[in-house]
Amino acid sequence: MPKSKRDKKVSLTKTDRKGLAWKQHIIEDIRFCVTKYSNIYVFSIHNMRNTLLKELRSQWKDSRFFFGKNRIMQLGLKEAGKEFDEDAGESLHKMTTRLNGQCGLLFSDHGKDIVLDWFKDYSALEYARSGHKATETIVLPAGACEEFSHAIEPHLRKLGLPTKLERGVVHLYKEYRVCEAGSTLTPEQAKILKLCNMPIATFRLTLKCWWSKKTGFEVLLDEQSATDSGNAGDDEMDTVAEEATMDDDDSDS
């Protein structure tokens, strides 16, 4: 039977690149937010997780988060600065110099004290990814591992765990040191910690600076301190940043 010309294979892995129109849309969104909200905060983000960022947006429904390409956010602020007088525009321009590393923008009508107090106490435990620095030494004792199904035992051995099956139950036949405090996690170590339900990474936001329509620009955190605190676990986040950028496109949170 001849092959139909309509029978064409389409790869589902191909996606369209975000082009100039998408970038311009983000810039316009930022310009709008500068005029709408009275306060702007630049924050650094540690151990980025999309789900937790979405939860933050839901808790701050009366504010607006942007997290993505720094150059796009910088352009948005620069364009917005043209609509203010020279002094206000210059102070807004100072915000762009703080947009480096894993950073984002928070637009809000809440004052500095309220926002600082809330984020000072906010954090969430998450599973560490490869490249994260272990905060503690984790050792798995020898013995039965009843939390694991017998079907996963070959996968555990592939990850490096000294396992065996005894009457259908997974056992560690000797003690296994997963990681040392201060060491950088490998992909295998990160997978083991997740399988063992051991979240050791902390998702948190640190406010770096603040801009207000009334008072102008103010530094909230020394730049060197922000860099030092954000080094751990940020290497794997470059692509995540672009993916997370703009759930805001379809949401006002």
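The paragraphs below set out a description of the structure included in this document. Here the structure is a predicted model, which is why all the values come from computation and not from measurement.

1. Some details on the pairing of strand 1 (residues 39-46)
- Of all eight residues in strand 1, eight are buried, a share of seventy percent or more.
- The two faces of strand 1 match: Asn-39, Tyr-41, Phe-43 and Ile-45 on one face and Ile-40, Val-42, Ser-44 and His-46 on the other face are all buried.
- Bridge count for strand 1 against strand 3 (residues 103-108) is six bridges, and the pairing is antiparallel. Bridge assignment links Val-42 to a residue of strand 3, and that residue is Leu-105.

2. Some points on the packing of helix 1 (residues 20-36) against helix 3 (residues 70-81)
- At their nearest, the axes of helix 1 and helix 3 sit 8 Å apart, and the two run at 50° to each other. With respect to helix 3, the element helix 1 is oriented oblique. Between helix 1 and helix 3 lies a crossing whose hand is right-handed. Between helix 1 and helix 3, the residues in contact are Trp-22, Lys-23, Ile-26, Ile-27, Ile-30, Arg-31 and Val-34 and Ile-72, Met-73, Leu-75, Gly-76, Leu-77, Glu-79 and Ala-80, respectively.
- Taken together, the residues of the contact of helix 1 with helix 3 sort by class into ten nonpolar, one polar and three charged.

3. Things to note about the layout of surface pockets
- Taken as a whole, the second largest pocket spans an internal volume of roughly 160 Å³.
- Along its surface, the second largest pocket is lined by Leu-116, Phe-119, Lys-120, Tyr-122, Arg-204, Leu-205, Thr-206, Leu-207, Leu-220 and Leu-221.
- Elements with a contribution of two residues or more to the lining of the second largest pocket: helix 5 (112-120) and strand 10 (201-212).
- It is strand 10 that provides the largest number of residues to the lining of the second largest pocket, a total of four residues.

4. A word on the packing of aromatic side chains
- In total, this model carries nine aromatic pairs according to the counting rule given.
- Here the aromatic rings of Trp-60 and Trp-118 are separated by 5.3 Å at their centres, their planes lie at 90°, and the arrangement is edge-to-face. Of this pair, Trp-60 sits in the loop between helix 2 (50-59) and strand 2 (64-67) while Trp-118 is found in helix 5, placing the two residues 58 residues apart along the sequence.
- Overall, the relative accessible area of 5% leaves Trp-60 in the buried class.
- Of the residues examined, Trp-118 reaches a relative accessible area of 27% and is grouped as partly exposed.
- Plain terms: the ring middles of Trp-118 and Phe-119 are 4.9 Å apart, the flat faces sit at 70° to each other, and that makes the pair edge-to-face.
- On the accessibility criterion, Phe-119 (5% relative accessible area) is buried.
- Grouped by ring-pair contacts, the aromatic residues Trp-60, Trp-118, Phe-119, Tyr-122 and Phe-203 constitute a single cluster.

Conventions used here
Residues numbered from 1 in each chain as written. Predicted model: local features only at pLDDT ≥ 70, side-chain atom pairs only at ≥ 80, totals over all residues. Heavy atoms only, no water. Buried < 20%, exposed > 50% of the residue type's maximum accessible area, 1.4 Å probe, protein only. Helix = DSSP H or I, 4+ residues; strand = E, 2+ residues; numbered from the N terminus. Pairing = 2+ DSSP bridges. Axes fitted to C-alpha atoms, helices over the stretch in contact; angles between N-to-C directions. Parallel < 35°, antiparallel > 145°, perpendicular 65-115°, else oblique. Left-handed = near helix turned anticlockwise from the far one by under 90°. Contact = heavy atoms within 4.5 Å. Nonpolar A, V, L, I, M, F, W, Y, C, P; charged D, E, K, R; others polar. 1 Å grid on protein atoms, 1.4 Å probe; cavity = no way out; pocket = protein on both sides within 12 Å on 5 of 7 lines; lining within 4 Å. Points joined across faces, edges and corners; volume = space filled by probe spheres on them. Phe/Tyr/Trp six-rings, centres within 6.5 Å; stacked < 30°, edge-to-face > 60°.

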